[in-house]
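In case you want the letters, here they are:
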Amino acid sequence: MIRIPLPALWTDKSWRPALIIALVTALSGLLLVGVSGWFLSSVALAGAAAGVGATAGAAAFAYNYHLPAGLIRLFAITRTAGKYAERLAGHAAALRDQMKHRTRLFRDMASARTVYEDGWQLSRDDQLGAFIDDVEKVEFATLRASLPAMTGMVLVAVCLVATAITAPLALPFTLLLLVVVAFYSRHMAEKAAQQCHDAQQVEADWSRTLGRQINALVPLAGNGDRKAALAGSFALIEQSTHSRSEQARLLAGVETATGLAAPMLMMLTIGIAWQTGMTGETLLPAIFAGFLWLAAGEAVSGLPRLLLARAQARYAEQSLESWQGAEEYARDSTTPLRLTVEQRDVYSPIGTKLCTVSGFTAERGRAVAITGPSGCGKTSLIKEIAGWTDWRGKTPAPLGARRIVARSICHLSLHDAAIMAASVRDNLFSSADDTSLWQALETVELADRIRQNGGLDSALEQDSLSLGEARRISLARAILSREPVVLLDEPGEHLDAAQAKRLMQKLLVECRNRIVVYVTHDERLAALAQEQVHMGF
Ligand SMILES: Nc1ncnc2c1ncn2[C@@H]1O[C@H](COP(=O)(O)OP(=O)(O)OP(=O)(O)O)[C@@H](O)[C@H]1O
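Predicted model, so just to flag it, every value in this text is computed and none were measured.

## Observations concerning the sheet that holds strand 8 (residues 410-413)
Pairing is parallel in the open sheet, where five strands are placed in the order 8-11-12-5-13. Strands with a single pairing partner mark the edges of an open sheet, and in this sheet they are strand 8 and strand 13 (531-534). Strand-to-strand twist of the sheet, defined as the mean angle between neighbouring strand axes without regard to direction, takes the value 15°. In this sheet, strand 12 (residues 515-519) lies alongside strand 5 (residues 368-371) in parallel orientation, the contact comprising three bridges. Bridge pairing in strand 12 links Ala 369 to Tyr 518. The strands touched by helix 13 (residues 378-385) within the sheet are strand 5, strand 8, strand 11 (485-489) and strand 12, with strand 11 carrying the most contacts at an inclination of about 155°.

## Some remarks on the confidence of the model for the chain
In this model, the chain carries a mean pLDDT of 82, and residues with pLDDT of at least 70 account for 82%. No element of the chain has a lower mean pLDDT than helix 12 (residues 327-331), at 36, and none a higher one than strand 5, at 96. Per-residue pLDDT stays below 50 along residues 325-333; that stretch engages in 15 contacts with residues further than four places along the chain or on separate chains.

## Quick look at the UniProt feature "transmembrane region" (unreviewed entry) in the chain
Mapped onto the present numbering, the UniProt feature "transmembrane region" (unreviewed entry) falls at residues 15-35, 42-63, 153-184, 250-274 and 286-308. Regarding residues 153-184, the helix share stands at 88% and the strand share at 0%, and the terminal C-alpha atoms are separated by 17 Å. Across residues 286-308, the secondary structure splits into 87% helix and 0% strand, with the terminal C-alpha atoms separated by 33 Å.

## Re the environment of Asp 434
Along the chain, Asp 434 falls in helix 16 (residues 434-443). Under the relative-accessibility criterion, Asp 434 is labelled partly exposed at 36%. In this structure, the C-alpha to C-alpha distance between Asp 434 and Leu 456, residues 22 residues apart in sequence, is 8.1 Å. With near-sequence residues (within four places) excluded, Asp 434 lies in contact with Arg 425 and Leu 456. Here the side chain of Asp 434 touches Arg 425 through a polar contact of 2.6 Å, side chain to side chain.

## Description of the nonpolar core
Counting 38 residues, the largest nonpolar core has Leu 428, Leu 441, Leu 488, Met 504, Val 516 and Tyr 518 as its most contacted members. Secondary-structure elements contributing two or more residues to this core are helix 16, helix 17 (447-453), helix 18 (467-480), strand 11, helix 19 (497-510), strand 12 and helix 20 (523-526). Here this core takes seven residues from helix 18, the largest share from any one element. Ala 362, Ile 370, Leu 381 and Leu 412 belong to the second largest nonpolar core, which has 26 residues in total.

## With respect to the pairing of strand 11
Of all five residues making up strand 11, five are buried, and the element is well covered by its neighbours. Burial of strand 11 is two-sided: the residues Val 485, Leu 487 and Asp 489 facing one way and the residues Val 486 and Leu 488 facing the other way are all buried. Relative to strand 11, strand 8 runs parallel, the two being bridged by four bridges. Its bridge partner being in strand 11, Cys 410 is matched across the sheet by Val 485. Here five bridges tie strand 11 to strand 12, and the two strands are oriented parallel to one another. What sits directly across from Leu 488, in strand 12, is Tyr 518. Crossover handedness for the path strand 11 to helix 19 to strand 12: right-handed.

## Quick notes on the pattern of salt bridges
Under the defined criterion, the tally for this structure stands at 15 salt bridges. The shortest N-O distance in the salt bridge between Asp 434 and Arg 425 comes to 2.6 Å. Glu 445 is the partner of Lys 506 in a salt bridge, and the nearest nitrogen-oxygen pair spans 3.2 Å. With Lys 506 in helix 19 and Glu 445 in the loop between helix 16 and helix 17, the pair connects residues that are 61 residues apart, well separated along the chain. Residue Lys 506 is classed as partly exposed on the basis of its relative accessible area, which comes to 31%. Under the relative-accessibility criterion, Glu 445 is labelled partly exposed at 26%.

## Thoughts on helix 11 (residues 303-321)
A turn of α-helix holds 3.6 residues, and therefore any two residues three or four places apart point the same way. Taking 1.5 Å per residue, 19 residues should reach 27 Å; helix 11 reaches 27 Å between its end C-alpha atoms and fits that length. Those residues of helix 11 that sit buried are Pro 304, Leu 306, Leu 308, Ala 309, Ala 311, Gln 312, Ala 313, Tyr 315, Ala 316, Glu 317 and Leu 320.

## Section: the packing of aromatic side chains
The final tally for this structure, using the stated rule, is zero aromatic pairs. Its end group placed over the ring of Trp 438, Arg 451 keeps NZ or CZ at 4.7 Å from the ring centre.

## Observations concerning the packing of helix 16 against helix 18
Direction vectors running N to C along helix 16 and helix 18 enclose 130°, while the axes themselves pass 9 Å from each other. Comparing their axes, helix 18 and helix 16 come out oblique. As helix 16 runs across helix 18, the sense of the crossing is right-handed. Contacts between helix 16 and helix 18 involve Ser 436, Leu 437, Ala 440 and Thr 443 from the former and Ala 476, Ile 479 and Leu 480 from the latter.

## Here's the deal with helix 18
A rise of 1.5 Å per residue sets the reference length of helix 18, with its 14 residues, at 20 Å; its end C-alpha atoms lie 20 Å apart and thus fit the reference within 8%. Summarising burial for helix 18: 13 of the 14 residues are buried, a large majority.

## Notes on the packing of helix 18 against helix 19
Running from N to C, helix 18 and helix 19 point in directions that differ by 15°, and their axes come no closer than 10 Å. Relative to helix 19, the element helix 18 is oriented roughly parallel. Crossing angle aside, the handedness with which helix 18 passes helix 19 is right-handed. Counted together, Arg 472, Leu 475 and Ile 479 of helix 18 and Gln 499, Leu 503, Leu 507 and Glu 510 of helix 19 form the full contact between these two elements. Residues belonging to the contact of helix 18 with helix 19 are distributed by class as follows: four nonpolar, one polar and two charged.

## Notes on the environment of Met 188
Among the structural elements, Met 188 can be located in helix 7 (residues 171-215). Judged by its relative accessible area of 14%, Met 188 falls in the buried class. Between the alpha carbons of Met 188 and Leu 250 there is a distance of 6.0 Å; along the sequence they are 62 residues apart. Ignoring anything within four residues of it in the chain, the contact list for Met 188 reads Leu 250 and Val 254.

Reading the values: the criteria
Residues numbered from 1 in each chain as written. Predicted model: local features only at pLDDT ≥ 70, side-chain atom pairs only at ≥ 80, totals over all residues. Heavy atoms only, no water. Pairing = 2+ DSSP bridges. Helix = DSSP H or I, 4+ residues; strand = E, 2+ residues; numbered from the N terminus. Axes fitted to C-alpha atoms, helices over the stretch in contact; angles between N-to-C directions. Contact = heavy atoms within 4.5 Å. pLDDT = per-residue confidence, 0-100. UniProt positions renumbered as here; feature names shortened; annotations may be inferred. Buried < 20%, exposed > 50% of the residue type's maximum accessible area, 1.4 Å probe, protein only. Polar contact = N/O pair within 3.5 Å; in protein donor to acceptor, adjacent residues only side chain to side chain. Core = buried A, V, L, I, M, F, W, Y, C linked by side-chain atoms within 4.5 Å. Right-handed = clockwise from strand over helix to strand, strands pointing away. Salt bridge = Lys/Arg side-chain N within 4 Å of Asp/Glu carboxyl O. Expected span 1.5 Å × (residues − 1). Phe/Tyr/Trp six-rings, centres within 6.5 Å; stacked < 30°, edge-to-face > 60°. Lys NZ or Arg CZ within 6 Å of the ring centre and 35° of its normal. Parallel < 35°, antiparallel > 145°, perpendicular 65-115°, else oblique. Left-handed = near helix turned anticlockwise from the far one by under 90°. Nonpolar A, V, L, I, M, F, W, Y, C, P; charged D, E, K, R; others polar.

Spelled out as structure tokens, the structure:
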């Protein structure tokens, strides 16, 4: 199980000073409010006494203000200084731990089976973002929240002892209220974390699909799929907004409950002490304890967020587990990456049944060429493999998990290459370095043309390239893409036969570690694949 161990706050040398300072700071805050409450009440009592009897005025002025006033200043200064010192010591210890854990977690992730199978460490910024998010959540809950949680518990214990001594009859009610608030807060924080988790899942799906849908608007414009595809994405945004607002509502409930608990505990302690007959000076200790509760309430006001952080960290731990290291697997470079298409009916993008295709399996380094007469459904088939369309009889299948995964692992290059009015660099759809971009342009025999045109930052437009050149830009995109599956529709279109063959040979070498499936009418191109699948009516 991938876990960041809880810091050993007391035994670990780097955490111990932080813990001591945090406790001193928290106790100073508690005593500051407790002594202030006690002081105000004593002054009020002395003032009240001053109004009665002959010696009253003298009694009021004989009251010793100096000791409590001095203590209040001492606690206030200690609390302020302690807050700074606690931050310095706590952050230093947390950063040290963080460095240690991150090295281990990132090493595990890099060699994880899932990462290796999908090849996403090379290209999937969204997956990497999700991984870093999870690591941060677990770190926050363990490294940043354990210290406040520990000091919060100590403060509550101190308040309970003070209540037990000063107003013992209030203790059972106090404990009952604490247990109710604790259970309610935990339950609601769990629900809020669930909502947050749901929202994140949906947002991840959304960012994955929308980007791809927008990229594919041009080729999909003709088949009426665009509207439906975008509507699906916008429904996801609505869903995530709902989850987010539900999360905020639940958290507000917890914050209200914990915010009200402290004044209620204060009133409970003082009220019950008063009910049992304590008045005047005998009530002062209970007032002191009551004010301690008030101060503890302020100190643990971050509790709902800590509970939420803890609950979120559990989800994050679960997803981190899927990156568990599988080093033997990563070392085994012969492990095949396989794409299996079972025998199936092929439908057009509007749901017309076209033909039945026999099953085939494409593997890394073993390309598959699909051939067949015009209109038999070759393009429709690779669109479906890529998750763009999915017809079952007369009904389009919803954008389910299979299609989302398919879209995320397939690079689909359609025959009508769209050229954007943008630079060559932008048109290559890649964040690779310039050397790799030039290398891809060399492979598709376009480097000289682009150099003459002004280089990677020169402008392109749909009309500024010949059809064959646009086709070659599209092939360069396929080479530069990082998805493990490359699907090409008519890669040799608009190229002369010799050039088409040369380019396809080079592309297959460049993509030897990926799965390549391509549709072609050219028998010489089809012969370059390790397997040919013939489709027909
Ligand atoms: N967006 C669309 N709307 C309606 N019909 C479509 C659409 N796309 C394809 N079709 C129809 O589906 C059938 C198969 O088209 P598809 O492009 O898959 O065939 P193909 O085998 O790739 O043909 P070719 O070799 O001519 O490119 C054709 O009859 C075509 O008219």
